[in-house]
Amino acid sequence: MMTLYGIKSCDTCRKARKALDARGIAHGYHDLREDGLDAATLDRFIALAGLEALLNTRSTTWRGLDDTDRQAARSDDAHARTLILAQPTLLKRPLLDTGETLIVGRARDDYADLT
């Protein structure tokens, strides 16, 4: 089964859930803020999509980091990984884990190709 990772207060994540439901695509939901993120899952995401694609540099959480952390996260993958594990809302959302691929930041009609 597919799993959608997001946060409940995110409009794009809500739209993604509705799009999957409308297409009858079975999926679980993992709230990054409430449920957190474990290292193995993050490492899998990085392997599937790459850290650059995952890091949400437009988020409120990113803007709340000090300049040192922001600069280090852009240049040091280990630092970025540590920050994401501590603050999973640094991930772009929604993330749809299909079991084989990870779809980053898509919602609504973008799931039309899924079955």
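Keep in mind it's a predicted model, so treat the numbers as computed, not measured.

Quick notes on the sheet that holds strand β3 (residues 95–97)
Moving on, step 1. Across the sheet, which stays open at both edges, the four strands sit in the order β2-β1-β3-β4 with mixed pairing between neighbours. Strand pairing shows two members of the sheet lacking a second neighbour, β2 (27–31) and β4 (102–104), which therefore form its edges. The sheet shows a mean angle of 20° between the axes of neighbouring strands, direction not considered.
Moving on, step 2. Pairing between strand β1 (residues 2–6) and β2: five bridges, direction parallel. Looking at the pairing, tyrosine 5 lines up with histidine 30 of β2.
Moving on, step 3. Across the sheet, helix α3 (residues 39–49) touches β1, β3 and β4, and the angle it forms with β4 is around 80°.

Re the environment of threonine 68
Moving on, step 1. Summarising the element assignment, threonine 68 is placed in helix α6 (residues 67–75).
Moving on, step 2. Since its relative accessible area comes to 58%, threonine 68 is described here as exposed.
Moving on, step 3. Separated by 65 residues in the primary sequence, threonine 68 and threonine 3 place their C-alpha atoms 33 Å from one another.

As for the pattern of salt bridges
Moving on, step 1. One pass over the full model with this rule turns up five salt bridges.
Moving on, step 2. Of the charged contacts in the structure, one is a salt bridge between aspartate 43 and arginine 81, with a shortest N-O distance of 2.6 Å. Residue aspartate 43 is located in helix α3, and its partner arginine 81 is located in helix α7 (residues 77–86); the two are separated by 38 residues in the primary sequence.
Moving on, step 3. Overall, aspartate 43 belongs to the partly exposed group, its relative accessible area being 35%.

Notes on the pairing of β1
Moving on, step 1. A large share of β1 lies buried, amounting to four of its five residues.
Moving on, step 2. At this point the chain moves from β1, through helix α1 (residues 11–22), to the parallel β2, and the crossover so formed is right-handed.
Moving on, step 3. Note that β1 and β3 share three bridges and pair antiparallel. Across the sheet, the residue bridging to leucine 4 is leucine 96, located in β3.

What to know about the side chain of histidine 27
Moving on, step 1. Mapped onto the fold, histidine 27 is located in strand β2.
Moving on, step 2. Residues in contact with histidine 27, not counting those within four places in the same chain, are Met1, Met2, Leu4, Arg17, Leu20 and Asp21.

So, the state of the cysteines
Moving on, step 1. Throughout the structure, instances matching the rule amount to zero disulfides.
Moving on, step 2. In this model cysteine 10 remains outside any disulfide bridge; the closest cysteine sulfur is found in cysteine 13, 3.4 Å from its own.
Moving on, step 3. By relative accessible area, cysteine 10 is classed as buried at 14%.

Definitions and limits used
Here the residue numbers are simple positions, counted from 1 along each chain's written sequence. In keeping with the model being predicted, local features are shown solely for residues with a pLDDT of at least 70 and side-chain atom pairs are shown and tallied solely at 80 or more, while totals for entire chains, interfaces and linings include all residues. Water and hydrogen atoms play no part in the side-chain values, which are based on all heavy atoms of the structure. The criterion for strand pairing is that DSSP finds at least two bridges linking the strands in question. Counting from the N terminus, the helices are the DSSP runs of H or I reaching at least four residues and the strands are the DSSP runs of E reaching at least two. Only C-alpha atoms enter the line fits that serve as axes; for helices the fit covers just the stretch in contact. Angles between N-to-C directions range over 0 to 180 degrees. When checking whether two residues touch, look at their non-hydrogen atoms; a contact exists if any pair is within 4.5 Å. When a residue's accessible area, from a 1.4 Å probe over protein chains only, is under 20% of the maximum for its type it is buried; when over 50% it is exposed; and in between it is partly exposed. Salt bridges are defined as contacts in which a side-chain nitrogen from Lys or Arg sits within 4 Å of a carboxyl oxygen from Asp or Glu. Throughout, right-handed denotes a crossover for which the path from the first strand over the helix to the second runs clockwise when the strands point away from the viewer. Two cysteine sulfurs form what is called a disulfide whenever their separation falls within 2.5 Å.

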